[in-house]
Amino acid sequence: MGVESAFGEGYITTTVDALANWARKNAVWPMPMGLSCCGIELMAFAGPRYDVARFGSEVFRFSPRQADLLLVAGTCTYKMSKVVRKIWDQMPDPKWCIAMGACASTGGMFRSYPVTQGIDEFIPVDVYVPGCPPRPDAVINALMQIQEKIGQHSVLMDR
Ligand code: SF4
């Protein structure tokens, strides 16, 4: 007779999930990839007016190994896509990604040969933020969607 049978099926894993998810979703550390003009709104998102510290995400990490959210803001060229992909690969699991703005989501107005038509051509995207550029509160809304996703995560998925 183990602990699981004493407390009921799934008691341990659901409790560990709840604790891990609570800690994770209130301390999402973004890796900022400000590639062009959307980067200006990204800076406003991190500034005192919008106060992203309320969500525990004011700590921007410039090392991918310390980040769990890649925030790509701006036009991504094919040349730059290799760098973005490498940074994504260097981030530890579990990790999430936001495509901020029309360019990062779809290439935006740049239907030209050097520009990727959305970063989902080379990395998985969890939330797309429309706009050219999106307002910082739209990015906060995306962060809240990421927090909701984290709330449904299971530690068993990490193995
Ligand atoms: S979506 Fe608009 S503001 Fe953002 S990078 Fe593209 S052109 Fe610039």
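To start, this report covers the structure provided alongside it. Model, not experiment: these values are computed from the prediction. (Residues numbered from 1 in each chain as written. Predicted model: local features only at pLDDT ≥ 70, side-chain atom pairs only at ≥ 80, totals over all residues. Heavy atoms only, no water.)

1. Observations concerning the side chain of Ser81
We apply this condition: Helix numbers and strand numbers start at the N terminus; a helix is a DSSP run of H or I with at least 4 residues, a strand a run of E with at least 2. By definition in these notes, contact holds between two residues if any of their heavy atoms fall within 4.5 Å.
Tracing the backbone through its elements, the reader meets Ser81 in helix α4 (residues 78-90). Setting aside its immediate chain neighbours within four residues, Ser81 contacts Cys76, Thr116 and Phe122.

2. Here we look at the pattern of salt bridges
A side chain with one charge may pair with a side chain of the opposite charge, provided their charged atoms come close. Here is the rule we go by: Counted as salt bridges are all cases of a side-chain nitrogen of Lys or Arg within 4 Å of a carboxyl oxygen of Asp or Glu. Per-residue accessibility, obtained with a 1.4 Å probe over protein chains only, is compared with the maximum for each type, and a residue is labelled buried under 20%, exposed over 50%, and partly exposed between these values.
Going through the model one piece at a time under the given rule, you end up with three salt bridges. Across the pair Lys149 and Asp126 runs a salt bridge, and its minimum N-O distance is 2.9 Å. Taken as a pair, Lys149 in helix α6 (residues 136-151) and Asp126 in the loop between α5 (101-106) and β4 (127-129) lie far apart in primary sequence, 23 residues in all. Asp126 sits in the partly exposed class, given a relative accessible area of 25%.

3. Some words on the site of the ligand
Put simply, the rule reads: Throughout this document, a residue counts as near a molecule or strand when at least one of its heavy atoms sits within 4 Å of that molecule or strand. Each residue receives one of three labels: charged for Asp, Glu, Lys and Arg, nonpolar for Ala, Val, Leu, Ile, Met, Phe, Trp, Tyr, Cys and Pro, and polar for the others, Gly being one of them.
Lining the immediate surroundings of the ligand are Ser36, Cys37, Cys38, Gly74, Thr75, Ala102, Cys103, Met109, Gly131, Cys132 and Pro133. Taken together, the residues of the shell around the ligand sort by class into seven nonpolar, four polar and no charged.

4. Observations concerning the sheet that holds strand β1 (residues 30-34)
Quick reminder of the rule: In this description, strands pair whenever DSSP reports at least two bridges between them. In this analysis, axes come from line fits to C-alpha atoms, helices being fitted only over the stretch in contact, and the angle between any two N-to-C directions falls in the range 0 to 180 degrees.
In spatial order, the strands read β1-β2-β3-β4; together these four strands make up an open sheet with parallel pairing. The open sheet terminates on both sides in strands that have one partner only, identified here as β1 and β4. On average, each strand axis in the sheet is inclined to that of its neighbour by 15°, with strand direction left out of account. Sheet analysis places strand β2 (residues 69-73) next to strand β3 (residues 96-100), joined by five bridges and oriented parallel. Note on β3: the bridge partner recorded for Ala73 is Met100. Sheet strands in contact with helix α3 (residues 38-46) are β1, β2 and β3, and its direction is about 135° off that of β2. On top of the sheet, α6 reaches β2, β3 and β4; it is set at about 160° to β3, its chief contact.

5. Quick word on the side chain of Ser105
Going by this rule: Polar contacts here mean pairs of N or O atoms no more than 3.5 Å apart (in protein, one a potential hydrogen donor and the other a potential acceptor; neighbouring residues in sequence count only if both atoms are side-chain atoms).
Among the structural elements, Ser105 can be located in helix α5. Side-chain polar atoms of Ser105 contact the backbone oxygen of Gly101, separated by 2.8 Å. Excluding anything up to four places from it in sequence, Ser105 contacts Ala99, Gln117, Gly118, Asp120, Tyr128 and Val129.

6. A closer look at the nonpolar core
Note the threshold: What makes a nonpolar core is a set of buried Ala, Val, Leu, Ile, Met, Phe, Trp, Tyr and Cys residues whose side-chain atoms join them at distances within 4.5 Å.
Ranked by size, the top nonpolar core spans 22 residues in total, and within it Phe45, Leu69, Leu71 and Ile98 carry the most contacts. Elements with a contribution of two residues or more to this core: α3, β2, β3, β4 and α6. Ranked by residues supplied to this core, first place goes to α6 with six residues. Membership of the second largest hydrophobic core comes to 17 residues, among which are Leu70, Cys76, Ala99 and Ile123.

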